[in-house]
Amino acid sequence: MYYETSKNDHGLPHNPFKAIVAPRPIGWISTIDKEGRPNLAPYSFFNGIGDAPPMVMFASTGFKDSAANIAETDEFVCNMASYDLRDAMNISSAPLEHGVSEFERAGLEMAPSKLVKAPRVAAAYTALECKHLKTVRMQDLEGNDTQSWVTFGQVVAVHIDDSVLVNGLLDLTKVRPLARLGYKDYSVVDELFQMSRPAV
């Protein structure tokens, strides 16, 4: 099949775009507002964008609390959403009123960060403490503002639960990170294989 996104004439019951751009890691973003109130929300448009220095990005449709809090405080944390925390992650995606704690609603304990004020998810196997680089409102091909906001951050500190380190390596089969697919679907990493990059 073939369709043009400007027409969206795919004829399918649901738009397949998110099912094609998959799997997507989930950035479980914790922030605080200028009053010090915590916020926690998962974002499936999330990824690393460099490693020297390490940098990450996440995007939201609409200028949501996470982006607003980061614009105010210049700090955030990316927590690992793992299979054993799937229900809490899902609960934290609810559109709560500003200032209502998703940590409390999801029954999650907060842990202090070291270099940023935003708390971590205590039960998360990994967490990346980040400082805000910039937030960009994306424009379309005609130069019109969209509702897509992309927040960029530099990772300044890393937390890893020692229980998922095996022979000096992060064992993702122990973490079992969640990934977002299309529709209401998720996947989990529980099997790995290796390939070496070929030499020229």
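Look up a bit, the structure's there.
Structure report, in brief. Because the structure is predicted, anything quoted here is derived from the model rather than measured.

## Section: a nonpolar patch on the surface
Here comes step 1: A cluster of nonpolar side chains, namely V158, I160, L165 and L170, defines an oily patch on the protein surface of about 310 Å² accessible area.
Here comes step 2: Residue position: I160 is located in strand β10 (residues 145-160).
Here comes step 3: Overall, I160 belongs to the partly exposed group, its relative accessible area being 37%.

## Observations concerning the side chain of S92
Here comes step 1: By the secondary structure assignment, S92 is in the loop between α3 (86-91) and α4 (102-106).
Here comes step 2: Classification of S92 as buried rests on a relative accessible area of 2%.
Here comes step 3: Side-chain polar atoms of S92 contact the side chain of W28, separated by 2.9 Å.

## Here's the deal with the sheet that holds strand β13 (residues 178-180)
Here comes step 1: With respect to topology, three strands assemble into an open sheet ordered β1-β13-β14, the strand pairing being antiparallel. Every other strand in the sheet has two partners, leaving β1 (24-25) and β14 (186-188) as the edge strands with one partner each.
Here comes step 2: In the sheet, β1 pairs with β13 via two bridges, with the strands oriented antiparallel. Paired with R24 across the strands is R180, a residue of β13.

## Remarks on the pairing of strand β4 (residues 46-51)
Here comes step 1: In terms of strand pairing, β4 meets strand β5 (residues 54-61) through five bridges, oriented antiparallel. Paired with G48 across the bridge in β5 is V56.
Here comes step 2: Here β4 folds back onto β5 in antiparallel fashion, the turn holding two residues.

## Regarding the packing of aromatic side chains
Here comes step 1: Within this structure, the stated rule accounts for three aromatic pairs.
Here comes step 2: Ring plane angle 40° and centroid distance 4.7 Å describe the contact between Y43 and F58, whose orientation is recorded as tilted. Of this pair, Y43 sits in strand β3 (residues 38-43) while F58 sits in strand β5, placing them 15 residues apart in sequence. Of the two residues, Y43 and F58, neither departs from the other in class, the shared state being buried.
Here comes step 3: Seen from their ring centres, F58 and F76 are 5.9 Å apart, and the 70° between their planes marks the pair as edge-to-face.

Rules and cut-offs
Residues numbered from 1 in each chain as written. Predicted model: local features only at pLDDT ≥ 70, side-chain atom pairs only at ≥ 80, totals over all residues. Heavy atoms only, no water. Patch = residues over 30% accessible without salt bridge, like charges linked within 9 Å, V, L, I, M, F, W, Y side chains within 5 Å. Areas by Shrake-Rupley, 256 points an atom, 1.4 Å probe, with all protein chains shown as cover. Salt bridge = Lys/Arg side-chain N within 4 Å of Asp/Glu carboxyl O. Helix = DSSP H or I, 4+ residues; strand = E, 2+ residues; numbered from the N terminus. Buried < 20%, exposed > 50% of the residue type's maximum accessible area, 1.4 Å probe, protein only. Polar contact = N/O pair within 3.5 Å; in protein donor to acceptor, adjacent residues only side chain to side chain. Pairing = 2+ DSSP bridges. Phe/Tyr/Trp six-rings, centres within 6.5 Å; stacked < 30°, edge-to-face > 60°.

So, to be careful, I would describe these as geometric facts and stop short of saying anything about function.
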